There are 2 protein chains.
Amino acid sequence: MDLLKQKILDEGEVYEGNILKVDGFLNHRIDIPFMRQVGKEFHRLFKDDGVNKILTIESSGIAIGALVAQEFECPLVFAKKTKTKNIAGDVYTSKVESFTHGKVYDVMVSKRFLDENDKVLIVDDFLAIGNALNGLIDIVNASGAQLAGCGVVIEKGFQHGGDKLREKGIKVESLAIVEKMDHETGMVYFRD
Amino acid sequence: MDLLKQKILDEGEVYEGNILKVDGFLNHRIDIPFMRQVGKEFHRLFKDDGVNKILTIESSGIAIGALVAQEFECPLVFAKKTKTKNIAGDVYTSKVESFTHGKVYDVMVSKRFLDENDKVLIVDDFLAIGNALNGLIDIVNASGAQLAGCGVVIEKGFQHGGDKLREKGIKVESLAIVEKMDHETGMVYFRD
């Protein structure tokens, strides 16, 4: 998606440790007109896959998920990272290690909101080694739902999480794949 | 908003401790077509107030905020609850005690995303004693931005956070105000 690549080049900041900060449009301040285009692009990529539910993970996936679900005219479910008083006990869970936060947490989805009648498109902001997506895929599999695929805004290609999922036969569509970043020059290079 | 009140009556569950669970449409599984109507309703209520930025707090506010921001054709900023590697140091912060989680946390917004040129509509899913909204209002005030008002999906009127904000002259619009709940009968009563 050329508009996304241009925004990454214009607004993204590269930090040591392979951190690409895009919080000006993707995960702190959210450029909603742009995110509508993201929603439309994922719809174009998955419109023939029978999707009837969008699944994402709090927090950065939610705005993306909402605008993707709008295009599919279907519900959005977001997996939660901690057990709160307001979630009933009957949940699917998976453990996920966060690249950003450097810790392991439980993600969970209420069993009421995912079942064998669902065909699920998982969406998220970033895909690096694939921990979050793998956790969500585990939850989809445990629920008996079918996985339509995974839609990612920015994939860090050099961490190969996306490649491993594709090798398993999972449809993974990333709107931009970063192949290399250099925090000294600030340059970002995309996979062709 | 009659559609919301009907959904609360049809789908809401009342638990001991004044907990109203609406995670079937508002904060776990999100009914996106319904949430679009919520976005349009907040736009109707605040369209003459010069809003150019929507502010909410992770996680349950984000989907609402995205669909409100879509109506205003403006950016959404969501306040974060913990300091992550991906937020730069220059932030506005406020302390908020969570009714749901029973703990105090810091909320923060990057100084880059809120300033004196902004007229801010704060949106959130619930308003009880008003802790989250007060924290966000503190952040708006610290930034020098103007506060257009607060839009809340469900206000718990019997906890009076909304009334206190209105007494201060802040425009607070709630789409449903629950005046009383009874966890033994499951009944929910709305303010007229």
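This report concerns the structure included in the present document. (Residues numbered from 1 in each chain as written. Chains lettered and ligands numbered in written order. Predicted model: local features only at pLDDT ≥ 70, side-chain atom pairs only at ≥ 80, totals over all residues. Heavy atoms only, no water.)

Right, let's get into the sheet that holds strand 5 (residues 76–79) of chain B. On the basis of which strands lie adjacent, the open sheet formed by 7 strands has the order 3(A)-5(B)-4(B)-8(B)-9(B)-10(B)-11(B) and mixed pairing. Each having just a single partner strand, strand 3 (29–30) of chain A together with strand 11 (187–190) of chain B make up the two edges of the open sheet. Across 4 bridges, the pairing between strand 10 (residues 172–182) of chain B and strand 11 of chain B is antiparallel. Looking across to strand 11 of chain B, one finds that M181(B) is bridged to V188(B). (Pairing = 2+ DSSP bridges. Helix = DSSP H or I, 4+ residues; strand = E, 2+ residues; numbered from the N terminus.)

This paragraph deals with the sheet that holds strand 3 (residues 29–30) of chain B. Strand order in the open sheet formed by 7 strands is 11(A)-10(A)-9(A)-8(A)-4(A)-5(A)-3(B), with mixed pairing between adjacent strands. A single partner strand is all that each edge strand has here, and the edge strands are strand 11 (187–190) of chain A together with strand 3 of chain B. Here helix 2 (residues 32–46) of chain A sits on the sheet and contacts strand 8 (119–127), strand 9 (146–156) and strand 10 (172–182) of chain A; the angle it forms with strand 9 of chain A, its principal contact strand, is near 135 degrees. (Contact = heavy atoms within 4.5 Å. Axes fitted to C-alpha atoms, helices over the stretch in contact; angles between N-to-C directions.)

With that out of the way, let us pick up the pairing of strand 5 (residues 76–79) of chain A. Burial along strand 5 of chain A is two-sided: the face carrying L76(A) and F78(A) and the face carrying V77(A) and A79(A) are both buried. Sheet topology places strand 4 (residues 53–57) of chain A next to strand 5 of chain A; 4 bridges connect them, and they run parallel. Bridge pairing links L55(A) to V77(A) in strand 5 of chain A. What joins strand 4 of chain A to strand 5 of chain A is helix 3 (residues 60–72) of chain A, and the crossover it makes is right-handed. Taken together, the 2 bridges between strand 5 of chain A and strand 3 of chain B define a ladder with antiparallel strand orientation. Directly across from V77(A), in strand 3 of chain B, lies its bridge partner R29(B). (Buried < 20%, exposed > 50% of the residue type's maximum accessible area, 1.4 Å probe, protein only. Right-handed = clockwise from strand over helix to strand, strands pointing away.)

Time to look at the environment of V14(B). Its location among the elements puts V14(B) in strand 1 (residues 13–15). Residues in contact with V14(B), not counting those within four places in the same chain, are I19(B), L20(B), M181(B), D182(B), H183(B), G186(B), M187(B) and V188(B).

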